[in-house]
Structures are given as C-alpha cells and as structure tokens.
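Architecture and fold: a report
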Amino acid sequence: MSVRHRAVLAVVLAVAGVAACVATAGTAAKTITVAVMPKFVGVSYYTQTDNGAKCAGSKMQGVTVDVTGPSTLSIPQQISDFKDLITKQVDGIDFAASDAKSLEPEAAQAEAKGIKVVTFDSGITPQGKIPLYATNNTTWAKNVADRMSKYLAAAGGHIGLLHFSPGSETDNERTGGFISELKKYPKLKIVATGVDNVSAVTALTVVTNMLTAHPDITAVFAPDEEGTVGAAQAIQRAHKVGKVVLFGWDAGPDTIQVLKQGLVNSLVVQNPFKMGYDSLVGTVNEIRTGKQSANEDTGATIVTKANVNSPSVQAVINPSCKTYKP
C-alpha cells in the first residue's frame, strides 16, 4: 500500500472512530420518558407517589417523568390513557391499576411493544413478571382485625366494612385479609358492607346508613383514606364517638385531622413517597439495563394520636425530596 493510500485510510478510520464515539455518547445520554399513572390524580395519597417519582427522576440524568391519569376513579378512562401512552411509545410506564384484570391486557401489550412496565400500590392479575412496589396489604389488614379484636376484648361486636374500589388488587387484599383474619375471632361479625368509591361524601352516606340499619355496630373498618374520613364524620354525626370504634387507612391531611380529633382509633399508614421513588428507579433500571426488577414491600406504620407527631412518623407523612434517603 502506498504512503498516500495509508494516509487516506488513517483519516477514514479516524473519522469512523469519532462517529462511533459520538453515537455511543448519544446513546448513553439519551433522555428517556417514564409515564407515571396513579389510579387517578389529585388526591393526597397519589400526590405523594407522584412526588416520590419526580424526586427520583430529578436525581437521575436524562430522565423525564410525566405524571398522567384520570381525574376521577374510572377504569375505562385509565385504560384509554394507557392506550395513549402505548401510542406515544414512552420508554416506560409506572402505574397503579384501578382494576387488576382490566389493565393486564394493556400492560402485556405495552411490554410486547418494548415498553417497560412496572406497577406500584395496586398490581394486575396475573402479575406475571411485571414487578410490584406496594404495601403488603393482606398482612396489614390482618393486623387491623387482630387489633380490633383486642380493643373489643371478650365481648366481641358487630362490624361495618367498607370497600373502596371493588376489583382493584388493593381492595381485594385489604378486605380479603381482614375477613380472613376475623375467622379467628368468632365473636366478631361483619353485619354490614358498603362501597365508598374513594369518596368521603359517599362514605359518609354509606356508613350513616349502616349505623341506622344496624344500631348495634361497635366497630368500622375503612381501608382507604377517603372512606376513613367519611366514616369518621358519620360516626360523629350519629353521636356515636366512643361507642363505635373506627380503624382507618392512610395519612392524608383529612385523616390526620380526624385522628387528632379522636374520631379514629388508628391508621395503617403506607409509604406512598417510597412507592413512587423506588418504582421509578426500578423502571429506569429496567429500561437502561434490561434486567428485571424485583417486587418490593414498601412497608407501613400504625399511627395513633399518641405517636402521630413523632419524627419517624412525620418523616413518612410529610416526606421531603431534599432529606429523603432511599
């Protein structure tokens, strides 16, 4: 090969090398978009999951977090919004399913198109290989039944039970776990059930009707934030504070208020900020490494009027991205 040809070849190889480096750098720096979809937006609980996801995204390079979803609890609307995300070809979808079975086909379709899917708070059926970042709802619902039995002691009592989103995995697990554990306590009997549809106003009406139809009710289990608030108001308006004990769930501003007022015995407080943070990190890791994320139990805390102001509880109720430690 002549000197001239060798020189030309060297230039060509150098240019090719630079091009390869640019392509590699471009791939590494590619911004990815993860859509975060709660069951619906605008309530304090899902605001916390959203904030957790945004916090995680802000601490990783090249990650855009897009929070989207229905404005009210609507399975058809969530399905429609999910289809839109598939059409947009986002890189990942991190979502809480309003209905375990109805959203599974959409999740499978997204995965088939190369979109990484992760669930938080409320999963799908079958869950398959898609990871779930959530509270162990069954375990904590059983804990409620145990504590309710201890509170009511040997006398037992009649119970009112609220559902909040029939068909969702979270509703199935919380009410199912509670009912299952009650079998240990034959003196405790569920005499009334109702559905609050994640609405404090609806819960107020439903529990008021329960107390009217069954004046012997001595305890109510409301396994969601809005149900807890509505049930507390119903018990108060029926002048049955101290006669009917309420066990609730989650720690929004309104549930904390009724807890401090002495209208609620205790709350099972989840860690929605952690759910949002960890599930977002898991989604990004799947996109960038191709490795499957594992399921994660994000934990819960029993909060009472006595411990609500403790630093450990406040860190869960009022998390800060600046001070949060994964």
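The numbers attached to residues start from 1 for each chain and follow its sequence in the written order. In keeping with the model being predicted, local features are shown solely for residues with a pLDDT of at least 70 and side-chain atom pairs are shown and tallied solely at 80 or more, while totals for entire chains, interfaces and linings include all residues. The side-chain quantities take in all heavy atoms of the structure and omit both hydrogens and water.

1. Description of the overall build of the chain
Counting from the N terminus, the helices are the DSSP runs of H or I reaching at least four residues and the strands are the DSSP runs of E reaching at least two. In terms of regular secondary structure, the chain is built from eleven helices and twelve strands. In these tables, accessible area is a Shrake-Rupley quantity obtained with a 1.4 Å probe, and a residue counts as shielded only by the protein chains included in the view. For the chain, the exposed area adds up to about 14800 Å²; of that, 57% sits on carbon and sulfur atoms. Note on charges: Lys and Arg go in the positive column, Asp and Glu in the negative column, and His and the chain ends are not counted at all. Here the site of a charge means atom NZ of a Lys, CZ of an Arg, CG of an Asp or CD of a Glu. Looking at the chain, you have 30 positive and 27 negative side-chain charges, and the mean spots of the two groups are 5 Å apart.

2. Some thoughts on the nonpolar core
Within the largest apolar cluster, 30 residues are counted, with the highest numbers of intra-cluster contacts made by Leu162, Ile217, Ala231, Leu246 and Val264. Residue assignment for this core shows that the elements contributing at least two residues are α7 (200-213), β8 (217-221), α8 (225-237), α9 (253-260), β10 (266-270) and α11 (311-317). Per-element accounting of this core gives the leading share, six residues, to α7. Every residue pair with non-hydrogen atoms within 4.5 Å of one another is taken to be in contact. Discounting residues that sit within four places of it in the chain, Val264 has contacts with Thr228, Ala232, Leu246, Gly248, Val258 and Leu259. We call a set of buried residues a nonpolar core when its members are Ala, Val, Leu, Ile, Met, Phe, Trp, Tyr or Cys and they connect through side-chain atoms within 4.5 Å of each other. Partly exposed residues are those whose accessible area sits between 20% and 50% of the maximum for their type, while under 20% is buried and over 50% is exposed, using a 1.4 Å probe and protein chains only. One finds Phe40, Tyr45, Ala56 and Tyr324 within the second-largest nonpolar core, a separate group that totals 23 residues.

3. Brief notes about the environment of Val308
Summarising the element assignment, Val308 is placed in the loop between β12 (300-303) and α11. Each C-alpha atom, one on Val308 and one on Asp250, is 12 Å from the other, the two residues being 58 residues apart in sequence. If near-sequence neighbours (up to four positions away) are discounted, Val308 is found in contact with Ile256, Leu259, Lys260, Val303, Val313, Gln314 and Ile317.

4. Some words on the packing of helix α2 (residues 44-58) against helix α10 (residues 272-289)
Axis angles are defined between N-to-C directions and span 0 to 180 degrees, where every axis is a line fitted to C-alpha atoms and, for a helix, only to the segment in contact. Direction vectors running N to C along α2 and α10 enclose 40°, while the axes themselves pass 6 Å from each other. Put simply, α2 runs oblique to α10. Like other packed secondary-structure pairs, α2 and α10 cross with a definite hand, here right-handed. In this structure, α2 uses Tyr45, Gln48, Thr49, Asn51, Gly52, Ala53, Cys55, Ala56 and Gly57 to contact α10, whose residues at the interface are Pro272, Phe273, Met275, Gly276, Tyr277, Leu280 and Val281. For classification purposes, an angle smaller than 35 degrees is called roughly parallel, one larger than 145 roughly antiparallel, one from 65 to 115 roughly perpendicular, and anything else oblique. Working rule for handedness: look at the near helix, and if it is turned counterclockwise from the far one by less than a right angle, call the crossing left-handed; if clockwise, right-handed.

5. Describing the sheet that holds strand β3 (residues 92-95)
Any two strands are treated as partners once DSSP identifies two or more bridges connecting them. An order of β2-β1-β3-β4-β5-β11 is seen for the six strands of this open sheet, with the pairing classed as parallel. Two strands bound the open sheet, and with one partner strand each, they are β2 (63-67) and β11 (296-297). Note that strand β1 (residues 32-37) and β2 share five bridges and pair parallel. Across the sheet, the residue bridging to Val34 is Val65, located in β2. The strands touched by helix α4 (residues 104-112) are β3 and β4 (116-120); relative to β4, the strand with the most contacts, the crossing angle is about 145°.

6. A short note on empty space enclosed by the protein
Buried and open spaces are told apart on a 1 Å grid over the protein atoms alone, a cavity being a set of points where a 1.4 Å probe fits but cannot get out and a pocket being an open set with protein on both sides within 12 Å along at least five of seven lines. Residues with an atom within 4 Å of a point are the lining residues. Grid points are joined across faces, edges and corners, and a volume is the space filled by probe spheres set on the points. Scanning the entire structure with this criterion turns up one cavity of 30 Å³ or more. In this structure, the largest cavity spans a volume of roughly 160 Å³. If you go around the largest cavity, you meet 16 residues; those closest to its centre are Tyr45, Tyr46, Phe164, Val198 and Asp250. Breaking the lining of the largest cavity down by element, the ones donating at least two residues are α2, α6 (169-182) and α8. Residue composition of the lining of the largest cavity, by class: six nonpolar, three polar and seven charged. Side-chain classes are defined by residue name, with Ala, Val, Leu, Ile, Met, Phe, Trp, Tyr, Cys and Pro counting as nonpolar, Asp, Glu, Lys and Arg as charged, and the others, Gly among them, as polar.

7. Observations concerning the pattern of salt bridges
Side chains bearing opposite charge may pair, as long as their charged atoms lie close to each other. What counts as a salt bridge is simple: a side-chain nitrogen of Lys or Arg found within 4 Å of a carboxyl oxygen of Asp or Glu. All told, the structure shown has five salt bridges when counted by the stated rule. A salt bridge links Lys30 to Asp91, with the shortest nitrogen-to-oxygen separation between them at 3.3 Å. Of the two residues, Lys30 sits in the loop between α1 (3-28) and β1 while Asp91 sits in the loop between α3 (75-88) and β3, which places them 61 residues apart along the sequence. Two residues, Lys83 and Glu106, come together in a salt bridge whose shortest N-O distance is 3.2 Å. With Lys83 in helix α3 and Glu106 in helix α4, this pair connects stretches of sequence that are 23 residues apart. Residue Lys83 is classed as partly exposed on the basis of its relative accessible area of 41%. Linked through salt bridges whose partners overlap, the residues forming this network are Lys274, Asp278 and Glu296.

8. Considerations on the side chain of Thr228
Mapped onto the fold, Thr228 is located in helix α8. We define a polar contact as two N or O atoms separated by no more than 3.5 Å, with the added condition that, inside protein, one atom must be a possible hydrogen donor and the other a possible acceptor, whereas residues neighbouring each other in sequence contribute only through side-chain atom pairs. Among the polar contacts made by the side chain of Thr228, one reaches the main-chain amide nitrogen of Trp249 at a distance of 3.1 Å. If we ignore the near neighbours within four places in the chain, the residues touching Thr228 are Ala222, Leu246, Gly248, Trp249, Thr255, Val264 and Leu267.

9. A word on α9
Here α9 has its buried residues at Thr255, Ile256, Val258 and Leu259. Buried residues of α9, seen end-on, are gathered within an arc of 165° and therefore sit on one face of the element. Packed against the buried residues of α9 are α8, β9 (245-249), β10, β12 and α11. Immediately beyond the C-terminal end of α9, within one or two residues, lies Gly262, with a positive phi of roughly 80°. Arc definition: it is the arc formed by the directions from the helix axis to the C-beta atoms.

10. Topic: the layout of surface pockets
What the largest pocket holds in volume is close to 190 Å³. What lines the largest pocket is a set of 14 residues, among which Ser44, Gln48, Ala251, Gly252 and Ile317 lie closest to the centre. Of all the secondary-structure elements, those providing two or more residues to the lining of the largest pocket are α2, β10 and α11. Of all the elements, α2 adds the most residues to the lining of the largest pocket, at three residues.

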